[in-house]
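Spelled out from the first residue to the last, the chains are:
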Amino acid sequence: MPLEFSSSEDAADLAGVVAALDDADCREIIAILEAPKTVPEIAEAVDLPLSTTYRKLDRLTDAGLASETVGVRRGRHHASRYVATFDHIGIGLDDNHEFRVDIDCSNDQSLGIWSNVHEEF
C-alpha cells in the first residue's frame, strides 16, 4: 500500500511522522512545546543532553511536527526556538485503502511576523 500525506503545509511522509511519534523522547518534547522554547530550555525540561535534544528536534521538524523560529538577541547571535505545529494527527485509510496521515496545523502559534521576534537581555 502506498503512503500518502495530507496537510495544509509541506511536511514529511507517514513513515517520518510515525517514527517521530514512536520515539518516547520526541513525544516528551512535543508535550512541552505549547510555547516556543530554546534548545537548552527543552533539554532541561525533558532531562536530555543537548546533542540528543538537537537530534530529536531535527526528527520532529523533518516530520513537520515542530518548527524552528528565530528570536532576536543583543549582539550578533540569534536564539532559535522550537514550537509544536499541530493540534491533531489522524492516521487512517482513504477510499482506495491507502494509508494517509492528516495533520491539523491549525495550532496557530503565530501573531504575524512578530511571533518569531523575542528579545533577550
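Residues numbered from 1 in each chain as written. Predicted model: local features only at pLDDT ≥ 70, side-chain atom pairs only at ≥ 80, totals over all residues. Heavy atoms only, no water.

- Looking at an unreviewed UniProt entry, the protein chain carries the name Helix-turn-helix transcriptional regulator, with the source organism given as Haloterrigena salifodinae.

## Overview of the nonpolar core
Moving on, step 1. Core analysis: the biggest nonpolar cluster contains 23 residues, and Ile29, Leu33, Ile42, Leu57, Leu60, Leu65 and Ile103 have the highest contact counts within it.
Moving on, step 2. Setting aside its immediate chain neighbours within four residues, Leu65 contacts Val17, Ala20, Leu21, Ile30, Leu60, Val83, Ala84, Thr85, Phe86, Ile89 and Ile103. (Core = buried A, V, L, I, M, F, W, Y, C linked by side-chain atoms within 4.5 Å. Buried < 20%, exposed > 50% of the residue type's maximum accessible area, 1.4 Å probe, protein only. Contact = heavy atoms within 4.5 Å.)

## Re helix H2 (residues 24-32)
Moving on, step 1. For H2, the set of buried residues is Cys26, Ile29, Ile30 and Ile32. Looking straight down H2, one finds that the buried residues subtend no more than 165 degrees of arc, so they occupy a single side.
Moving on, step 2. Buried-residue contacts for H2 involve helix H1 (14-22), strand S2 (37-38), helix H3 (39-46), helix H4 (50-62) and strand S4 (78-84).
Moving on, step 3. Capping the start of H2, Asp23 holds a side-chain oxygen 2.8 Å from the backbone nitrogen of Asp25, two or three residues further along. (Helix = DSSP H or I, 4+ residues; strand = E, 2+ residues; numbered from the N terminus. Arc of directions from axis to C-beta. Polar contact = N/O pair within 3.5 Å; in protein donor to acceptor, adjacent residues only side chain to side chain.)

## Here's the deal with H1
Note that an α-helix has 3.6 residues per turn; residues three or four places apart therefore point the same way.
Moving on, step 1. Among all positions of H1, only Leu14, Val17 and Ala20 are buried. The arc enclosing the buried residues of H1, seen along the axis, measures out at 135 degrees, which places them on a common side.

## What to know about the confidence of the model for the protein chain
Moving on, step 1. When pLDDT is averaged across the protein chain, the result is 78; 71% of the residues are at 70 or more.
Moving on, step 2. With pLDDT under 50 throughout, residues 1-12 is counted as low confidence; its partners more than four residues away or in other chains account for 34 contacts.
Moving on, step 3. Across residues 109-121, confidence stays below pLDDT 50; counting only partners more than four residues off in sequence or on other chains, it has 24 contacts. (pLDDT = per-residue confidence, 0-100.)

## Structural notes on the packing of H2 against H4
Helix-helix packing: each pair is described by the crossing angle between the helix axes and the interaxial distance.
Moving on, step 1. In contact at an axis separation of 10 Å, H2 and H4 are set at 75 degrees when each is read in the N-to-C sense. The angle between H2 and H4 falls in the class roughly perpendicular. Contact residues: Asp25, Cys26, Ile29 and Ile30 in H2; Lys56, Leu57, Arg59 and Leu60 in H4.
Moving on, step 2. A breakdown of the residues in the contact of H2 with H4 according to their chemical character gives five nonpolar, no polar and three charged. (Axes fitted to C-alpha atoms, helices over the stretch in contact; angles between N-to-C directions. Parallel < 35°, antiparallel > 145°, perpendicular 65-115°, else oblique. Nonpolar A, V, L, I, M, F, W, Y, C, P; charged D, E, K, R; others polar.)

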